[in-house]
Amino acid sequence: MKFFRGVLWAVCFLNGMAHADDFILSYWCGPPAGENLDQRYAEIAECNFNYAMMACGGGPKNREILDACQKHGLKYILYDARIMAFAPENPAFKTNLDAVIFDYAKHPALGGYYIADEPGMGAFPQLGGINQYLLVKDPKRLPFINLLPNHAPEWALTVPYEKHVEKYLETVKPRLVCFDHYGLMIDDTVRPIFFENLEIIRRQSLKHDAPFGFIFQITPHGPYRDPSESDLRWQ
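Residues numbered from 1 in each chain as written. Predicted model: local features only at pLDDT ≥ 70, side-chain atom pairs only at ≥ 80, totals over all residues. Heavy atoms only, no water.

A. Unusual backbone geometry, seen in detail. The backbone of Asn48 sits at a positive phi, close to 75 degrees, despite the residue not being glycine. Position of Asn48 among the secondary structure elements: in the loop between α1 (37-46) and β3 (51-52). Note on Asn48: relative accessible area 59%, which makes it exposed. (Helix = DSSP H or I, 4+ residues; strand = E, 2+ residues; numbered from the N terminus. Buried < 20%, exposed > 50% of the residue type's maximum accessible area, 1.4 Å probe, protein only.)

Shown next, in the form of structure tokens:
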């Protein structure tokens, strides 16, 4: 399916979600919002995904996407630019998020709210405020944030990687700890710190009693190769 950006994520949800026993299978990202939504979301369901990720480049047709997902038995993690519009100390913070929730929360296909991808540590206080507010106001839906991998540059992490993850968990208190790591290179090498990344996430997830999800490589993109079946099993 041409719109997938080469990665897939999977996670077991914790109790308290709308579908507590789901093993979540989704992708990053797409399809573009301008395409034939009914046909594309039918294809997504046929591929045995059960959650649809936000449309690439944003989600100007969230209502139409939610309707298509409902028709094909999918849940949708939507993007709305208003979610990150205000910091918690801003007087408009609560009313702004209330408006987002009001617009979507009654739709049965809503699975969650996309908040951020690969944020730096400086964003953690705002992400924490948004995450906690959404969990209180719409507790059955997932506020989705995805963490940087351990091979990200030091300026992006600002602290050693495990401290970065620990600070995130302490500040944001996410329902789900999700991260990405693409380790299969086009020259047939493998990133040597792939499993170290997994172990750090596992250790911190256990420490903070939070399940984790993993975005991994399923198609070629950039410096990353087209994974073989054995590559997929290795991941």
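B. Region of interest: the side chain of His164. With respect to the secondary-structure elements, His164 resides in helix α6 (residues 161-172). Residue His164 is classed as buried on the basis of its relative accessible area of 0%. Beyond its immediate stretch of four places on either side in the chain, His164 contacts Pro119, Gly120, Met121, Phe124, Leu148, Ala156, Leu157 and Val159. (Contact = heavy atoms within 4.5 Å.)

C. Seen up close, the environment of Tyr113. Inspection of the secondary structure assignment puts Tyr113 in strand β5 (residues 110-117). For Tyr113, a relative accessible area of 0% translates into the label buried. Linking Tyr113 and Met54, residues 59 residues apart in sequence, is a C-alpha distance of 9.0 Å. Residues contacting Tyr113, with those up to four places away along its chain left out, are Ile77, Leu78, Ile83, Val100, Ile101, Ala105, Leu134, Asp138, Arg141, Leu142, Pro143 and Phe144. Among the polar contacts made by the side chain of Tyr113, one reaches the side chain of Asp138 at a distance of 2.6 Å. (Polar contact = N/O pair within 3.5 Å; in protein donor to acceptor, adjacent residues only side chain to side chain.)

D. Expanded view of the environment of Tyr104. Relative to the assigned elements, Tyr104 resides in helix α3 (residues 93-104). Note: C-alpha distance between Tyr104 and Arg63 (41 residues apart in sequence) is 7.8 Å. Setting aside anything within four residues of it in sequence, one finds Tyr104 in contact with Asn62, Arg63, Leu66, Leu78, Asp80, Arg82 and Leu110.

E. View of the packing of α1 against helix α2 (residues 62-71). Close contact between α1 and α2 brings their axes to 9 Å; oriented N to C, the two are set at 45 degrees. One element, α1, and the other, α2, form an angle in the oblique class. As for how α1 packs across α2, the hand of that crossing is right-handed. Residues Leu37, Asp38 and Tyr41 of α1 lie in contact with α2, whose contacting residues are Glu64, Ile65, Ala68, Cys69 and Lys71. Within the contact of α1 with α2, the residues separate by chemical class into five nonpolar, no polar and three charged. (Axes fitted to C-alpha atoms, helices over the stretch in contact; angles between N-to-C directions. Parallel < 35°, antiparallel > 145°, perpendicular 65-115°, else oblique. Left-handed = near helix turned anticlockwise from the far one by under 90°. Nonpolar A, V, L, I, M, F, W, Y, C, P; charged D, E, K, R; others polar.)

F. Up close: a nonpolar patch on the surface. Side chains of Val190, Phe195 and Trp234 sit close together on the surface and give an oily, nonpolar patch of about 260 Å² of accessible area. With respect to the secondary-structure elements, Trp234 resides in helix α8 (residues 229-234). (Patch = residues over 30% accessible without salt bridge, like charges linked within 9 Å, V, L, I, M, F, W, Y side chains within 5 Å. Areas by Shrake-Rupley, 256 points an atom, 1.4 Å probe, with all protein chains shown as cover. Salt bridge = Lys/Arg side-chain N within 4 Å of Asp/Glu carboxyl O.)

G. Layout of the nonpolar core. Membership of the largest hydrophobic core comes to 66 residues, with the highest contact counts inside it found for Tyr41, Met53, Cys69, Tyr76, Tyr113, Ile115 and Phe144. If sequence neighbours within four positions are ignored, Cys69 has contacts with Tyr41, Ala52, Leu74, Tyr76 and Ala109. (Core = buried A, V, L, I, M, F, W, Y, C linked by side-chain atoms within 4.5 Å.)

H. Spotlight on helix α4 (residues 124-137). Compared with an ideal rise of 1.5 Å per residue, which puts 14 residues at 20 Å, α4 spans 20 Å between its outermost C-alpha atoms and is within 8% of the ideal. Looking at the buried residues of α4, the elements they touch are α3, β5, β6 (142-147) and α6. (Expected span 1.5 Å × (residues − 1).)

I. Expanded view of the pattern of salt bridges. Within the structure shown, the criterion is met by 11 salt bridges. For Arg203, the salt bridge identified is with Glu199, shortest N-O distance 3.2 Å. Of the two residues, Arg203 and Glu199 both sit in helix α7 (residues 194-207), four residues apart, roughly one turn of that helix. Residue classification places Glu199 among the partly exposed residues on the basis of a relative accessible area of 32%. Here Arg233 makes a salt bridge to Glu229, at a shortest N to O gap of 3.2 Å. Here Arg233 and its partner Glu229 are both found in helix α8, four residues apart, which amounts to about one turn of the helix. As far as burial versus exposure is concerned, Arg233 and Glu229 are alike and both exposed.

J. Up close: the confidence of the model for the protein chain. Residues at a pLDDT of 70 or more form 88% of the protein chain, whose mean pLDDT is 88. In the model, residues 1-6 has pLDDT below 50 throughout and makes 32 contacts with residues more than four positions away in sequence or in other chains. Throughout residues 10-20 the model reports pLDDT below 50, and contacts reaching past four residues in sequence, or to other chains, amount to 34 contacts. (pLDDT = per-residue confidence, 0-100.)

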